[in-house]
Amino acid sequence: MDVITVATDPIEGQKPGTSGLRKKTRVFMGPHYLENFVQAIFDGIGGAQGKTLVLGGDGRYFNDRAAQVILRMAAAQGARRVIVGAGALLSTPAASNLIRTRRTDGGIILSASHNPGGPDEDFGVKFNTPNGGPAPQDVTERIHAASMRVSDYRILESQDIDLSRPGETTLGATTVEVVDPVADYAALMERLFDFDRIAALFAGGFRMRYDAMNAVTGPYARAILEGRLGAPEGTVVNGHPLPDFGGMHPDPNPIWAKELMDAMMAEGAPDLGAASDGDGDRNMIVGPHTYVTPSDSLAVLAANAHLCPGYADGLEGVARSMPTSRAVDRVAQARGMAFYETPTGWKFFGNLLDDGRVTLCGEESAGTGSAHVREKDGLWAVLMWLNLLAATGKTVPRVMADHWAEFGRDFYSRHDYEGLDAGVAGKLMEDLRLRLDDIAGTEWGGRMVEAADEFAYDDPVDGSRAEAQGLRVRFSGGGRIVFRLSGTGTSGATLRVYLEDYTDDPARFGEDPQVALAPMIAAADALAGIAARTGRTAPDVRT
Ligand code: G1P
Ligand code: ZN
């Protein structure tokens, strides 16, 4: 087997965003594109020589081809061992777990998360560091810098490696270890949660619908829910990972998981509905006639985690991303837990988790997780809900009613305006940013602005500072609007408007959030001129 050195030129735009490098699949399939970026990753981490790496992805189109290329490049560059999920599959949390427990030098995850897959859709590559978490900014900056000076890459000339089943082979001097993608992860879940109690719940007739959205969590959910916990066959739907996710948009929210929502809002709905995204790190929780917002879910889990064996000693602290609702803040305050507010993106939780400052963290974008790995974890959140339902004997609507009765309700919704002209969106943000100082003390839709600022974060562990993390406007009475541009899109710009309002009036707990938030929605448009500037009178997605 020969190592070939291929001459190449830097390719513009290989700059990792909120979560790795995401581009159209055809861009990744273009000449040298993937190879350049993988070379940049290796160069950015000081070379692959002697390293042990984890490799796997969410099974989307090009996942299998990309894995073979990466294996050949790792082998050509002297990696000691690459641990690959069978079928080149690994959910993001399962990859994070392997990276940590096998004490590796990091891992490469192939995924564009919740973005659709296929030749005309999205692909992505991200590097996670030895702690199992997404590469922090200094690492992604080194990778980007390396991508701008790459002049060649080394790759082994060889046949494809058989990744279909567990076992060990060698590629050049590199050991390729193919592992069952589910086994270690399932064992970890079994340590954290009371599987006997959950199994008893299912044995007692509890019904659940878990929608894997034809993405990576299918095999995990089938093995854990239907296998170990004894849920009836058919509990997991859309349970086989497909290259194009069967045409589904594997983003677990009420819009894209409509089939599940319809089932849960119908008569005779199961006791629990849940879904995860393309790479298995997001989750959606829904009870009969009850959608649980991710922000509320985080708060409920924070308040009840001690019911699960893995968290029986209580939580060190909790963290949420800035745009996530302040429901969890109330739990932290009431229970005396440390609390942190971080910028959007899971990577900002890493230091807090590593330093033992927090145990639980979450984002409004359907991401919840804990110190068990260094990524958010979809199925983990679902199991935690199951554990809490099993331990309390409550229904999902009862859990929510009790939670609001104790803490009050934070109405919440995110409005996304997708595919905007990047210039228009940038100007909207910039103009609003310049006006922030003048907005404080003014009234919008009958509500007074108490404070308006641009969020910046000083990491308490390493002292690094992240600036320009979103514009926030706080209103009297507990209302808040946050404006932010997405960092994960692959075309144009996406404006995210995060809306919330608080009530402790039990008579209002049942209100439809879109109705309860009407004053905030009107204020957002008035403040930023969304309709006037973009020509859009309604968001593309409301979560
Ligand atoms: C989005 C979410 C963010 C999440 C990220 C990766 O990023 O908003 O919470 O961490 O995807 O899943 P955004 O597109 O807003 O930059
Ligand atoms: Zn994801």
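I will try to describe carefully the structure that is included in this document. Only a predicted model underlies this, so the values are computations on that prediction, with no experimental measurement involved.

1. Quick look at the coordination of the zinc ion (ligand 2)
Link 1 in the chain: Only Ser-113 (OG), Asp-277 (OD), Asp-279 (OD) and Asp-281 (OD) from the protein reach the zinc ion (ligand 2) as donors, at distances of 2.0 to 2.1 Å.
Link 2 in the chain: Coordination at the zinc ion (ligand 2) comes from four donor atoms whose angles at the metal span 86 to 161°, giving a geometry best classed as irregular.
Link 3 in the chain: All donors of the zinc ion (ligand 2) come from a single chain, and their spacing in sequence reads S-x163-D-x1-D-x1-D. Residue Asp-279 shares its accessibility class with Asp-281, and that shared class is buried.

2. What to know about the site of ligand 1
Link 1 in the chain: Around ligand 1 there are 14 residues in total, and Ser-365, Ser-486, Gly-487, Thr-488 and Arg-496 lie nearest to it.
Link 2 in the chain: One nitrogen or oxygen atom from the side chain of Arg-282 is found 3.1 Å from an oxygen atom belonging to ligand 1.
Link 3 in the chain: Protein burial of ligand 1: of its 380 Å² of free accessible surface, 99% is covered by the chains.
Link 4 in the chain: Taken together, the residues of the shell around ligand 1 break down into one nonpolar, seven polar and six charged.

3. Points about the sheet that holds strand 21 (residues 447–454)
Link 1 in the chain: Spatially, 20-21-24-25-26-19-27 is the arrangement adopted by the seven strands of the open sheet, whose pairing is antiparallel. The sheet is open, and its two borders are formed by strand 20 (443–444) and strand 27 (541–542), each paired with just one other strand.
Link 2 in the chain: Alignment of strand 20 against strand 21, held across two bridges, turns out to be antiparallel. Bridging from a neighbouring strand, Trp-444 pairs with Arg-447 of strand 21.

4. Examining the sheet that holds strand 10 (residues 208–211)
Link 1 in the chain: Judged by pairing direction, the sheet is mixed, and its five strands sit side by side in the order 11-10-12-13-14 without closing on themselves. Taken across any chain shown, the strands that pair with only one partner, and hence form the sheet edges, are strand 11 (236–237) and strand 14 (290–292).
Link 2 in the chain: Sheet analysis places strand 10 next to strand 11, joined by two bridges and oriented parallel. Within the sheet, the bridge partner assigned to Tyr-210 lies in strand 11 and is Val-236.
Link 3 in the chain: Against the sheet, helix 9 (residues 258–265) touches strand 10, strand 12 (272–276), strand 13 (283–287) and strand 14, its axis set at about 20° to strand 13.
Link 4 in the chain: Each of strand 10, strand 12, strand 13 and strand 14 touches helix 13 (residues 378–392); the most contacted strand, strand 13, lies at about 30° to it.

5. Focus on unusual backbone geometry
Link 1 in the chain: With phi around 85°, Phe-62 is a residue other than glycine that occupies positive phi space.
Link 2 in the chain: Take Phe-62: it is sitting in the loop between strand 3 (52–57) and helix 3 (63–76).
Link 3 in the chain: Phi at Ala-468 is positive, roughly 50°, even though this residue is not glycine.
Link 4 in the chain: Judged by its relative accessible area of 53%, Ala-468 falls in the exposed class.

About the thresholds
- Residues numbered from 1 in each chain as written.
- Chains lettered and ligands numbered in written order.
- Predicted model: local features only at pLDDT ≥ 70, side-chain atom pairs only at ≥ 80, totals over all residues.
- Heavy atoms only, no water.
- Donors = N, O, S within 2.8 Å, 3.2 Å for Na, K, Ca; no water.
- Tetrahedral: all angles 85-135°; square planar, octahedral: opposite > 155°, others 65-115°.
- Buried < 20%, exposed > 50% of the residue type's maximum accessible area, 1.4 Å probe, protein only.
- Near = heavy atom within 4 Å.
- Polar contact = N/O pair within 3.5 Å; in protein donor to acceptor, adjacent residues only side chain to side chain.
- Areas by Shrake-Rupley, 256 points an atom, 1.4 Å probe, with all protein chains shown as cover.
- Nonpolar A, V, L, I, M, F, W, Y, C, P; charged D, E, K, R; others polar.
- Pairing = 2+ DSSP bridges.
- Helix = DSSP H or I, 4+ residues; strand = E, 2+ residues; numbered from the N terminus.
- Contact = heavy atoms within 4.5 Å.
- Axes fitted to C-alpha atoms, helices over the stretch in contact; angles between N-to-C directions.

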